[in-house]
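These are the residues of each chain, in order.
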Amino acid sequence: MSSYNNTARFSEARRVAIFGGTHGNEMSGVTLVNLWTKNGTEIQRKGVEAVPFITNPKAVEKCTRYVDTDLNRAFTPENLSAPGGNDLPYEVLRAQEINRIFGPKGSPEAYDVIFDLHNTTSNMGCTLILESSKDHFNLQMMNYIKKAMAPASCLVLMNEHPLLKYSTSRSVAKHPVGLEVGPQPQGVLRSNIFEAMRVILKHALDFIELFNEGVEFPPCTVEVFRVLEWIDYPRDANGNIIAMVHPNLQDCDWEPLNPGDPMFHTFDGKTIHYQGSGTVYPTFINEAAYYEKQQAFITTRRETLVASAIIKA
Amino acid sequence: MESVSFPPLSRVAVSGGTHGNEMTGVYMVRHLQKEKIDKIGSVSVSTVLSNPRAVEICRRYVETDLNRCFTEALLNSPVTDSSPYELRRAQELNAQIGPKGSKEAVDLLIDIHNTTSNMGLCLILYSIDWLTLHILKYLQSKMASVEVRAIQLDIPIAEAYSLESVGKHGFAIEAGPQPNGVVRADIHNLVKEAVDHIFSWLQEFNSGSTFEGGEVEAYTLVKSIDYPRNPVTGEITAAVHSQLQDNDFKLLQRGNPIFMSFSGETVKYDGEDLYPFFVNECAYYEKKIAFHLARKIKLTLPPIKVTD
């Protein structure tokens with residue numbers, strides 16, 4: 001935790017990308033990026049080069065999450081350096097291409113900020129996804145967005161778990177920001193969800209513009225939900241799901257789940273209860289894409305992070 | 001009104017996964033098959049996973065929409081190994097639970113579907129079928145806390161394109177809202193309760209009960225409205241307006257908002273008073289349908305009983 005006396009200096013955040021279609025059936029991002037590719041007026045800010053970009057065009061065309069493999073898990077060091085050319089899975093090739101254009105990941109040439117636009121079938125509302133508790137630039141941005149959206153809710157999910165963290169498209173940038181808005185079925189465009197995502201981005205770009213102009217952002221605290229673990233569906237010996245998310249848990253993202261609370265409901269009507277040792281805050285409850293990843297929901301715990309003051313270097 | 005009689009309904013088929021990503025039917029059929037349910041009282045039950053290849057990849061269909069393959073013409077058309085999978089599968093299903101129009105066909109076919117639209121619980125039927133409408137009336141009386149509606153598509157049976165037209169009687173149960181690829185417990189339990197009531201009704205019917213006549217309302221399809229599109233590229237330029245979204249079956253009148261364009265303009269409805277349904281159904285984007293519009297009609301049901 002840095003002391004309040006230290007102001008962290010960051011270089012100007014000039015190169016900003018907005019990714020849509022990382023999952024080809026998550027329609028808010030696809031629609032917004034296509035819109036801004038035709039007419040980028042809305043995303044223009046002084047001192048910012050904002051690039052809208054469809055990351056997985058083949059998946060978008062088929063209106064499917066991915067073609068060969070999940071692009072949002074594909075940015076591993078192994079994949080990014082894999083030889084093999086056109087024999088590689090489509091999304092691995094895309095990851096290498098995206099790394100060339102917006103990276104290389106981990107280098108000084110990488111883009112300053114990437115916003116990756118996602119939807120979820122879970123009732124998560126507006127969620128920002130943070131990948132590092134030490135990214136004070138991102139923490140300050142998220143604080144700004146939350147305050148600008150209030151009283152409307154915008155929560156921060158932080159995935160820093162050493163085993164559960166994954167290599168996202170946005171991880172190519174110095175400051176990766178995930179936007180996750182739901183609930184919205186795959187393949188469907190809901191007006192309220194679309195407009196919400198648009199507003200989050202407006203505030204995010206406003207923040208970057210202010211930062212680049214030299215505004216100093218004083219120290220602040222940010223409430224985050226830290227990923228603890230994934231819980232799978234109960235399955236039989238053949239791996240088939242034998243229970244559904246319980247009606248008492250369905251749609252209750254971010255609400256406390258206490259030991260003994262109903263968690264799953266079997267197909268023949270029995271209740272399975274949560275057996276954890278303490279209260280957790282579940283999210284990504286009943287996300288369509290996570291059935292194949294063996295994830296019915298994730299558990300989180302609430303934490304308050306302190307962001308030091310930041311100013312442009 | 002004079003009583004109408006029907007032969008006993010002793011062979012019933014329950015199908016799911018006609019669209020491979022509509023999960024209630026998939027899980028219900030799998031559960032019935034796991035429990036090896038093949039008889040419920042006087043009724044013999046066959047369970048069918050209609051489109052197993054689509055279920056496997058959790059997609060609506062593999063090559064073409066299975067639930068448009070059941071017209072007489074398509075069922076009788078010559079197929080080869082290179083014909084679309086669903087065309088061949090439709091003919092297989094027709095041989096298994098039909099043939100459509102013949103006396104070997106199952107007495108009743110119930111096909112379970114989900115929709116991303118906020119339609120609650122609906123029965124979808126072709127033409128006016130007293131039997132199905134009596135089942136509707138029974139469900140309405142037994143499930144009083146839920147609105148159970150009937151949607152009638154006025155299409156002659158030969159041109160009827162969906163699976164339930166294969167049975168002597170048939171209807172689809174449509175339950176939503178539920179995203180593709182997701183099984184919601186509340187939707188599942190609603191459909192299970194409905195299916196349990198339907199089987200109770202079948203027992204009563206087969207054992208000789210008379211079901212009193214009465215009035216039911218049904219929604220009959222009038223027309224469909226597409227999304228506003230770019231005239232050159234064909235791309236959608238607006239989303240269903242938030243005041244129409246999730247308001248299936250609420251009367252739509254001239255001047256009501258129906259779309260919100262991406263540039264912020266409201267598009268208003270200009271037409272006769274009608275009831276929207278299948279509002280923002282995921283699978284209908286490619287069919288160029290943002291929502292359907294229906295007229296509400298009142299039907300007078302005769303009493304019915306099983307033929308002596």
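What counts and what doesn't
Residues numbered from 1 in each chain as written. Chains lettered and ligands numbered in written order. Predicted model: local features only at pLDDT ≥ 70, side-chain atom pairs only at ≥ 80, totals over all residues. Heavy atoms only, no water. UniProt positions renumbered as here; feature names shortened; annotations may be inferred. Pairing = 2+ DSSP bridges. Helix = DSSP H or I, 4+ residues; strand = E, 2+ residues; numbered from the N terminus. Axes fitted to C-alpha atoms, helices over the stretch in contact; angles between N-to-C directions. Phe/Tyr/Trp six-rings, centres within 6.5 Å; stacked < 30°, edge-to-face > 60°. Buried < 20%, exposed > 50% of the residue type's maximum accessible area, 1.4 Å probe, protein only. Contact = heavy atoms within 4.5 Å. Core = buried A, V, L, I, M, F, W, Y, C linked by side-chain atoms within 4.5 Å. pLDDT = per-residue confidence, 0-100. 1 Å grid on protein atoms, 1.4 Å probe; cavity = no way out; pocket = protein on both sides within 12 Å on 5 of 7 lines; lining within 4 Å. Points joined across faces, edges and corners; volume = space filled by probe spheres on them. Nonpolar A, V, L, I, M, F, W, Y, C, P; charged D, E, K, R; others polar. Domains from an automatic or database assignment. Salt bridge = Lys/Arg side-chain N within 4 Å of Asp/Glu carboxyl O.

Looking at an unreviewed UniProt entry, one finds chain B named N-acyl-aromatic-L-amino acid amidohydrolase and attributed to Neolamprologus brichardi. Database annotation for chain B, UniProt heading Sequence similarities (unreviewed entry): "Belongs to the AspA/AstE family. Aspartoacylase subfamily."

Chain A carries the name Aspartoacylase in an unreviewed UniProt entry, which gives Neolamprologus brichardi as its organism. Word for word, the UniProt comment on chain A under Sequence similarities (unreviewed entry) is "Belongs to the AspA/AstE family. Aspartoacylase subfamily."

A. Quick peek at the sheet that holds strand β12 (residues 266-268) of chain B. All names here are of chain B. The strand order across the open sheet formed by three strands is β10-β11-β12, and the pairing between neighbours is antiparallel. In this open sheet, the two strands that pair with only one neighbour each are β10 (238-240) and β12. The sheet shows a mean angle of 30° between the axes of neighbouring strands, taken without regard to direction. Note: strand β11 (residues 257-261) against β12, three bridges, orientation antiparallel. Across the sheet, Met260 pairs through a bridge with Thr266, a residue of β12.

B. A look at the packing of aromatic side chains. Residue and element names in this part refer to chain A. A full pass over the atoms with the stated rule returns 31 aromatic pairs over all chains. Here the aromatic rings of Phe137 and Phe207 are separated by 5.6 Å at their centres, their planes lie at 70°, and the arrangement is edge-to-face. In this pair, Phe137 is assigned in helix α5 (residues 136-149) and Phe207 in helix α6 (residues 191-212), connecting sequence segments 70 residues apart. Considered together, Phe137 and Phe207 belong to a single accessibility category, that of buried residues.

C. Highlighting the UniProt feature "active site" (unreviewed entry) in chain B. All names here are of chain B. The feature "active site" (unreviewed entry), as given by UniProt, occupies Glu174 in the numbering adopted here. Since its relative accessible area comes to 7%, Glu174 is described here as buried. For Glu174, the residues in contact, after removing those within four places along its chain, are Glu22, His113, Asn114, Thr115, Met119, Gly120, Leu121, Cys122, Ile124 and Phe278.

D. Seen up close, the nonpolar core. Membership of the largest hydrophobic core comes to 68 residues, with the highest contact counts inside it found for Phe115(A), Met141(A) and Phe291(B). The element contributing the most residues to this core is α6(A), with eleven residues. Beyond its immediate sequence surroundings of up to four residues, Met141(A) is in contact with Val113(A), Phe115(A), Val177(A), Ala204(A), Phe207(A) and Ile208(A). One finds Leu121(B), Leu123(B), Leu139(B) and Val195(B) within the second-largest nonpolar core, a separate group that totals 43 residues.

E. Local environment of the confidence of the model for chain B. Confidence in the prediction for chain B averages 96 pLDDT; 100% of positions are at 70 or higher. Across the whole predicted complex the pTM is 0.96, and at the interface the ipTM reaches 0.95.

F. Looking closely at the layout of surface pockets. All names here are of chain B. In this structure, the second largest pocket spans a volume of roughly 310 Å³. Lining the second largest pocket are 25 residues, with Arg68, Ile124, Tyr161, Phe278 and Tyr284 sitting closest to its centre. Counting only elements with at least two residues in the lining of the second largest pocket, the list comes to β5 (108-114), β6 (120-126), β7 (148-153) and β8 (169-176). Residues belonging to the lining of the second largest pocket are distributed by class as follows: eleven nonpolar, seven polar and seven charged. Residue assignment places the lining of the second largest pocket across two domains, with domain 1 (4-218 + 300-306) and domain 2 (223-294) each supplying three or more.

G. Representation of the UniProt feature "domain: AstE/AspA barrel-sandwich hybrid" (unreviewed entry) in chain B. The UniProt entry lists residues 215-296 of chain B under the feature "domain: AstE/AspA barrel-sandwich hybrid" (unreviewed entry), expressed in the numbering used here. End C-alpha atoms of residues 215-296 of chain B are separated by 13 Å, and the span's content is 0% helix alongside 38% strand.

H. Structural context of the sheet that holds strand β5 (residues 125-130) of chain A. Residue and element names in this part refer to chain A. With respect to topology, nine strands assemble into an open sheet ordered β3-β2-β4-β7-β5-β6-β8-β13-β12, the strand pairing being mixed. Of all the strands in the sheet, just β3 (49-54) and β12 (281-283) have a single pairing partner and so form its edges. Between one strand axis and the next, the sheet turns by 30° as a mean value, whatever way the strands run. Judged from the six bridges that link them, strand β2 (residues 15-20) and β3 form a sheet pairing that is parallel. When the bridges of β3 are listed, Gly20 appears paired with Ile54. Against the sheet, helix α1 (residues 27-38) engages β2, β3 and β4 (113-119), with an angle of about 125° to β3. Strand contacts of helix α4 (residues 90-102): β2, β3 and β4, with the helix running at about 170° to β3, the strand carrying the most contacts.

I. Region of interest: the pattern of salt bridges. For the coordinates displayed, the defined rule picks out 39 salt bridges over all chains. Between Asp246(B) and Arg190(A) there is a salt bridge; the shortest N-O distance is 2.7 Å. Note that Asp246(B) is positioned in the loop between β10 and β11 and Arg190(A) in the loop between β7 (175-182) and α6, a pairing that runs across two chains. Judged by relative accessible area, Asp246(B) falls into the partly exposed class, the value being 25%. Arg89(B) is the partner of Glu92(B) in a salt bridge, and the nearest nitrogen-oxygen pair spans 2.7 Å. With Glu92(B) and Arg89(B) both in helix α4 (residues 85-97), this residue pair falls three residues apart, about one helical turn. Judged by its relative accessible area of 49%, Glu92(B) is partly exposed. We classify Arg89(B) as buried; its relative accessible area is 10%.

J. Focus on unusual backbone geometry. Going from Gly182(A) to Pro183(A), the amide bond is cis rather than trans, its omega being 5°. In this fold, Pro183(A) is placed in the loop between β7 and α6. Look at Cys63(A): it is not a glycine, yet its phi comes out positive at around 50°. Note that Cys63(A) resides in the loop between α2 (57-62) and α3 (77-80). Using a relative accessible area of 31% as the deciding quantity, one classes Cys63(A) as partly exposed. A positive phi is found at Cys58(B), a non-glycine position, where the angle reads about 50°. Inspection of the secondary structure puts Cys58(B) in the loop between α2 (52-56) and α3 (72-75). Look at Cys58(B) and you get partly exposed, because its relative accessible area is 32%.

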